[in-house]
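# An overview of the molecular structure
Spelled out from the first residue to the last, the chains are:
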Amino acid sequence: MAGERCVSAALSLLLLLVAVLCLVSGTSAEVVRTRQGALRGTSRSSSEGRAFHAFYNIPYAKPPVGPLRFRSPQPPDSWTHIRDATTRGPICTQHTSIMRGPSPAGAEDCLYLNVFTPQVKHTEPLPVMFWIHGGGWIDGSANGYEPDFLMNHDVVLVTINYRLGPLGFLSTEDEASPGNFGLKDQVAALKWVRENIEAFGGDPGSVTIFGESAGGASVHYLMLSPLSRGLFHRAISQSGVSQTPWGMPLPGGLQKAQKVATLVGCPTEPSAALVDCLRNVDDYTIVNTTYQFTEWFFSPIIPFRPAVEGEGEDSFLPKHPLDLKPHTAVPWLIGATRDEGYLFAAAFITNKQLLEDLKQDGDRLFPKSLSYDGAPLADFITKKIKDFYFSNGELSVSKLSEMYSDGLFIWNADEAVRNYKDTAPVYYYLLSYKGKYRMSKVFGGGDLDLGVAHGDDLFYLFSDNPYYPTSGSMPQKDYEIVQTMTKLWTNFAKTGNPTPDNDPVHWPRVTSDGELEYLDIGEQLQVKRGLFQERVDFWRSLPLREAKRKSAAKEDL
């Protein structure tokens with residue numbers, strides 16, 4: 001009898017162990033049924049031990065390969081089996097300029113998204129947060145953004161891939177390849193969310209789009225594009241808006257397409273022959289041409305970017321963004337980090353030649369690196385910039401960071417806020433908290449204390465990111481910022497107000513015409529007015545909008 005009891009106990013222990021292993025491995029995750037077919041995901045835990053489900057590598061469009069290259073995304077195919085959604089999918093083919101890893105990298109069959117949800121069956125559907133990664137529309141992916149911080153809150157998180165570089169943004173300025181394919185991918189992913197997110201416990205009637213850098217600019221573009229009307233209800237732009245110098249359409253799309261064609265041995269005209277030939281060229285070969293568009297350091301910034309298409313049923317951008325009004329009045333949360341400019345200026349510390357180049361050839365390189373080289377008064381603008389930031393004649397790295405912060409991020413955000421604040425509620429912020437992890441190290445600053453650089457906000461929203469691997473350990477004060485920022489961001493996703501209960505502070509919407517109200521997210525939360533006002537006023541005084549449309553805007557296709 002004793003022996004039988006021992007065997008029974010051992011069998012019970014074995015069954016318990018098997019059950020635990022199944023739970024850990026994620027095989028216990030529920031099957032979710034989308035309109036295309038069934039998916040089985042995996043189970044994970046948030047940073048505070050809350051269980052959630054993760055579904056990876058979900059197709060939201062057909063693979064954009066072969067005849068579908070340089071075309072708008074097409075609806076995804078269906079499947080009959082239960083699709084394995086437990087492992088990450090590929091990243092989109094890209095020239096990895098900042099993201100860690102080899103270059104080029106990725107696969108052209110990449111139009112997949114990930115969904116993270118506290119529970120797939122919920123008494124009340126949860127607000128959806130739809131993340132658009134940054135990377136200058138050149139690199140990046142959905143995969144590196146870990147959800148462990150946001151999954152402490154009652155939201156469903158979606159992260160997406162979209163086409164990048166010439167594969168996502170090559171434009172012949174006509175119907176052969178109108179461009180904006182990466183942005184149209186974002187629209188297709190939003191349509192997938194509208195049709196399927198309820199199966200994951202999400203509310204298709206409460207979708208917040210949010211993104212950083214080019215992702216933040218993409219958010220603003222989606223607010224302007226007629227193709228995305230009705231697909232989202234709130235918006236968050238972190239360190240990027242549509243009218244940034246690096247994000248606005250530029251003339252010369254056809255010339256760039258012709259240069260790509262020449263580099264890979266394709267005809268340069270007519271456009272249809274050019275594009276047909278490029279459809280048969282290896283994707284890595286096409287992406288590798290990106291190197292050929294750089295003249296100095298990072299300049300010109302982002303050669304393949306959004307393009308004006310003209311009017312048309314499938315047009316993402318019918319006019320220049322400065323000529324478009326938002327299609328829907330949605331609450332907008334928008335801001336920047338304190339020292340955005342170290343994205344570029346950090347490299348000047350270790351590469352003294354860059355600093356010497358600016359000193360010796362500033363009349364050419366200032367306009368090129370700040371993207372006003374097409375302005376009719378470029379020489380006048382350069383002189384004004386030098387007098388304002390370098391009045392003593394010395395080009396210091398800290399002042400260069402201020403210059404790039406203001407010229408490429410801050411004054412454009414200020415302009416966007418002023419243009420929109422009377423349309424719907426706008427909540428403006430500055431991240432000034434300086435924590436353990438700093439993106440300036442990735443940008444060339446090493447272990448120097450260079451402030452709060454471009455991308456530092458990612459450390460407090462995501463438990464890991466594609467650019468700077470974190471060990472998982474975080475000082476308590478840093479984690480308090482995680483708790484604060486994720487609370488503000490998810491409150492906004494739920495209500496359209498980041499502090500609906502005035503907790504932990506009352507964050508006012510922008511109402512002033514002069515010094516704009518904003519929240520300084522630092523050691524403490526402080527409501528202030530006039531973000532870098534003197535510097536912003538200087539940029540507003542420059543004649544930078546006179547040639548803004550130039551030949552970028554076109555007649556209807």
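As annotated in an unreviewed UniProt entry, the protein is Carboxylic ester hydrolase from Oxya chinensis. A UniProt comment under Sequence similarities (unreviewed entry) is attached to the protein, and it reads "Belongs to the type-B carboxylesterase/lipase family."

### Quick notes on the environment of arginine 279
With respect to the helices, strands and loops of the structure, arginine 279 is situated in the loop between helix H6 (271-278) and helix H7 (283-287). Once the C-alpha coordinates of arginine 279 and phenylalanine 70 are considered, the two residues, 209 residues apart in sequence, prove to be 7.8 Å apart. In this structure, arginine 279 is in contact with Gly66, Pro67, Arg69, Phe70, Arg71 and Ala176, ignoring residues within four places of it in sequence. A polar contact of 2.7 Å, which involves the side chain of arginine 279, links it to the backbone oxygen of arginine 69.

### Let's talk about the sheet that holds strand S3 (residues 42-45)
Read across the sheet, eleven strands follow the order S3-S4-S6-S8-S7-S9-S10-S11-S12-S13-S14 without closing on themselves; strand pairing throughout is mixed. The open sheet has two free edges, formed respectively by S3 and strand S14 (525-529), since each of these has just one partner strand. Across the sheet, the axes of successive neighbouring strands diverge by a mean angle of 25 degrees, strand direction being ignored. Where strand S6 (residues 112-117) lies against strand S8 (residues 156-160), four bridges are found, and the strand directions are antiparallel. Bridging from a neighbouring strand, phenylalanine 116 pairs with leucine 157 of S8. In this fold helix H3 (residues 181-196) packs onto strand S4 (51-59), S6, strand S7 (126-132), S8 and strand S9 (202-212), with an angle of close to 165 degrees to the strand it touches most, S7. Contacts between helix H14 (residues 476-495) and the sheet are confined to S7, S9, strand S10 (234-238), strand S11 (332-337), strand S12 (426-431), strand S13 (517-521) and S14, with S10 contributing the most and set at about 150 degrees to the helix.

### What about the state of the cysteines?
Two cysteines whose sulfur atoms are joined by a covalent bond form what is called a disulfide. Counted by the stated rule, this structure contains two disulfides. Here cysteine 92 connects covalently by a disulfide to cysteine 110, the sulfurs 2.0 Å from one another. With the S-S dihedral at roughly 85 degrees, the linkage between cysteine 92 and cysteine 110 falls on the right-handed side. You can see cysteine 92 sitting in the loop between strand S5 (82-84) and S6 and its partner cysteine 110 sitting in the loop between S5 and S6, a full 18 residues away along the chain. For cysteine 92, a relative accessible area of 3% puts it in the buried group. In this structure cysteine 110 comes out as buried when scored by relative accessible area, which is 1%. Each sulfur in the disulfide pair cysteine 266 and cysteine 277 lies 2.0 Å from the other. Classification of the bridge connecting cysteine 266 and cysteine 277 rests on its S-S torsion, roughly -75 degrees, and on that basis the disulfide is left-handed. One end of the pair, cysteine 266, is in the loop between helix H5 (253-264) and H6; the other, cysteine 277, is in helix H6, with eleven residues separating them in the sequence. Taking relative accessible area as the criterion, cysteine 266 reaches 8% and is therefore assigned buried.

### Side note on the pattern of salt bridges
Two side chains that carry opposite charge are able to pair once their charged atoms sit near each other. Taken as a whole and assessed by the stated rule, the structure comprises 31 salt bridges. Across the pair glutamate 309 and lysine 184 runs a salt bridge whose closest N-O atoms are separated by 3.0 Å. Placement of the pair is glutamate 309 in the loop between H7 and S11 and lysine 184 in helix H3, with a sequence separation of 125 residues. Residue classification places lysine 184 among the buried positions, given a relative accessible area of 4%. Salt-bridge contacts for arginine 529 lead to glutamate 517; the nearest nitrogen and oxygen are separated by 3.5 Å. One end of the pair, arginine 529, is in strand S14; the other, glutamate 517, is in strand S13, with twelve residues separating them in the sequence. Judged by relative accessible area, which is 47%, arginine 529 ranks as partly exposed. Residues participating in the shared-partner salt-bridge network are Arg44, Arg88, Glu146 and Asp148.

### Some words on the sheet that holds strand S1 (residues 31-33)
Read across the sheet, three strands follow the order S1-S2-S5 without closing on themselves; strand pairing throughout is mixed. One side of each edge strand has no neighbouring strand; the edge strands of this open sheet are S1 and S5. Mean inter-strand twist for the sheet, computed between neighbouring axes without regard to direction, equals 35 degrees. With three bridges connecting them, strand S2 (residues 38-40) and S5 associate as parallel partners. The residue of S5 that forms the bridge with leucine 39 is arginine 83.

Reading guide: rules and limits
- Each chain has its residues counted from 1, following the order in which its sequence is written.
- Totals for whole chains, interfaces and linings use all residues, but because this is a predicted model, local features are given only for residues with pLDDT of at least 70 and pairs of side-chain atoms are given and counted only at 80 or more.
- Note that the side-chain values use all heavy atoms of the structure and ignore hydrogens as well as water.
- UniProt positions are given in the numbering used here, feature names are shortened, and annotations may be inferred rather than shown by experiment.
- The numbering of helices and of strands both runs from the N terminus, where a helix is a DSSP run of H or I of at least 4 residues and a strand a run of E of at least 2.
- By the convention used here, residues are in contact when the closest approach between their heavy atoms is within 4.5 Å.
- Definition of a polar contact: a pair of N or O atoms within 3.5 Å, with one able to donate and the other able to accept a hydrogen when the atoms are protein atoms, and with sequence-neighbouring residues admitted only if both atoms are side-chain atoms.
- Strands were regarded as paired on the criterion that DSSP finds at least two bridges between them.
- Every angle, taken between N-to-C directions, lies between 0 and 180 degrees, and every axis is a line fitted to C-alpha atoms, over only the stretch in contact when it is a helix.
- By definition, disulfides here are pairs of cysteine sulfur atoms that lie within 2.5 Å.
- For the exposure calls, accessible area comes from a 1.4 Å probe over protein chains only, and a residue counts as buried if that area is under 20% of its type's maximum, exposed if over 50%, partly exposed in between.
- Between Lys or Arg on one side and Asp or Glu on the other, a salt bridge is scored when a side-chain nitrogen of the former is within 4 Å of a carboxyl oxygen of the latter.

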